[in-house]
Amino acid sequence: MTEEKTVSAIGKELKAASEDMLPSFIEAYGKDAREGVKKLVAQAESRLRKLAAERERIRALKKYETEYGMYAHICGIDEAGRGPLAGPVVAGAVILPKDCEILYINDSKKLSAAKREELYEVIMEKAVAAAVGIVGPKRIDEINILQATYEAMREAISKLEVKPDILLNDAVTIPEVGIRQVPIVQGDAKSISIGAASIVAKVTRDRLMIAYDKQMPEYGFASHKGYGSAAHIAAIRKYGPSPIHRRSFIGNFL
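In short, a report on the structure.

Calculation notes
Residues numbered from 1 in each chain as written. Predicted model: local features only at pLDDT ≥ 70, side-chain atom pairs only at ≥ 80, totals over all residues. Heavy atoms only, no water. Helix = DSSP H or I, 4+ residues; strand = E, 2+ residues; numbered from the N terminus. Polar contact = N/O pair within 3.5 Å; in protein donor to acceptor, adjacent residues only side chain to side chain. Contact = heavy atoms within 4.5 Å. Phe/Tyr/Trp six-rings, centres within 6.5 Å; stacked < 30°, edge-to-face > 60°. Buried < 20%, exposed > 50% of the residue type's maximum accessible area, 1.4 Å probe, protein only. Salt bridge = Lys/Arg side-chain N within 4 Å of Asp/Glu carboxyl O. Pairing = 2+ DSSP bridges. 1 Å grid on protein atoms, 1.4 Å probe; cavity = no way out; pocket = protein on both sides within 12 Å on 5 of 7 lines; lining within 4 Å. Points joined across faces, edges and corners; volume = space filled by probe spheres on them. Nonpolar A, V, L, I, M, F, W, Y, C, P; charged D, E, K, R; others polar.

So, on to the side chain of Ser242. Positionally, Ser242 belongs in the segment after helix 10 (230-239). Separated by 2.8 Å, the side chains of Ser242 and His245 make a polar contact. Setting aside residues up to four positions removed in sequence, Ser242 forms contacts with Met216, Tyr219, Phe221 and Arg247.

Written out as structure tokens, the structure reads:
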């Protein structure tokens, strides 16, 4: 009998319930006349509606994967860190399984840091193959950020344990790659493979910048990740450039 449980206890049960447990929760408490329980059931129903909407969004996010479904291994490519004043540029390459059902994948910039970290672990666990390429500040200064980005992308592709049959890229065509490429503008928000690659690249780069922050805390890399915030620019002016600053990016601040 539901009456034997307090509203508070039922609330805790809902809070602990996974998404696949929601229908049974609604069935168990749907006829409970208490107002507090009715509200909890309404919350469960709302979660189910949101879950259905998310599954529909993910289906739509597979548009390009479906269009190029004749290829066995479809690889998404994206980068993180083209714009910062410090740190590397990181490229991600991810091949997801055909039946991939990882919810909440999106352009990494639209996700919280906690959600990116959570999704990173799921992607790395479920991907057919995933790899990153990292090009540091010195090389960026030598060949410019665009060429460094291409270099990072080529490195990521070369490190994949499974060779891709086609590349879905976020907006770019990578030189010197002998695999068919499909550049997609704003691809990290339009393709589940590119979205996954953007998350892998972003989380990898953020972790690197947090590690650099421990070595050089005066610059605040953990908070701004090397981007040109007011606090970061002030630190450059006060302490001068660090070993990971891109000299070609910071001339105006010295």
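What follows concerns the packing of aromatic side chains. Scanning the entire structure with this criterion turns up three aromatic pairs. Between Tyr219 and Tyr239, the ring centres sit 6.0 Å apart and the planes meet at 65 degrees, which makes this aromatic pair edge-to-face. With Tyr219 in the loop between helix 8 (192-215) and helix 9 (221-224) and Tyr239 in helix 10, this pair connects stretches of sequence that are 20 residues apart. Tyr219 sits in the buried class, given a relative accessible area of 6%. Accessibility expressed as a relative area gives 44% for Tyr239, which makes it partly exposed. Grouped by ring-pair contacts, the aromatic residues Tyr219, Phe221 and Tyr239 constitute a single cluster.

The next subject is the pattern of salt bridges. It is possible for side chains bearing opposite charge to pair when their charged atoms get close. For the structure on display, the rule yields 16 salt bridges. Lys62 is the partner of Glu101 in a salt bridge, and the nearest nitrogen-oxygen pair spans 3.4 Å. Of this pair, Glu101 sits in the loop between strand 2 (89-95) and helix 5 (113-126) while Lys62 sits in the loop between helix 3 (35-61) and helix 4 (63-67), and the two are 39 residues apart along the sequence. A relative accessible area of 15% places Lys62 in the buried class. Each of Asp107, Lys109 and Asp188 takes part in a single network of salt bridges with overlapping partners.

The subject of this paragraph is the pairing of strand 4 (residues 166-170). With five of its five residues buried, strand 4 lies for the most part within the structure. Side chains Ile166, Leu168 and Asp170 project from strand 4 onto one buried face, and the interleaved Leu167 and Asn169 project onto a second face that is buried too. Pairing of strand 1 (residues 74-80) with strand 4 involves four bridges; the strand directions are parallel. When the bridges of strand 4 are listed, Ile77 appears paired with Asn169. Bridging between strand 4 and strand 5 (residues 180-184) involves five bridges; their strand directions are parallel. Its bridge partner lying in strand 5, Asp170 is registered against Ile184.

What follows deals with the layout of surface pockets. Taken as a whole, the largest pocket holds about 200 Å³ of empty space. Glu79, Ala80, Gly81, Lys109 and Tyr227 are, among the 14 residues lining the largest pocket, the residues nearest its centre. Listed by contribution, the elements that provide at least two residues to the lining of the largest pocket are strand 1 and helix 8. Among the elements that make up the lining of the largest pocket, the one with the highest residue count is strand 1 (three residues). Within the lining of the largest pocket, the residues separate by chemical class into two nonpolar, four polar and eight charged. Empty space within the second largest pocket amounts to approximately 170 Å³. If you trace the second largest pocket, you find 14 residues lining it, with Glu65, Ile74, Leu96, Pro97 and Lys98 closest to the centre. Among the elements of the structure, helix 4 and helix 8 are those that each provide at least two residues to the lining of the second largest pocket. Of the residues contributing to the lining of the second largest pocket, the split by class is eight nonpolar, three polar and three charged.

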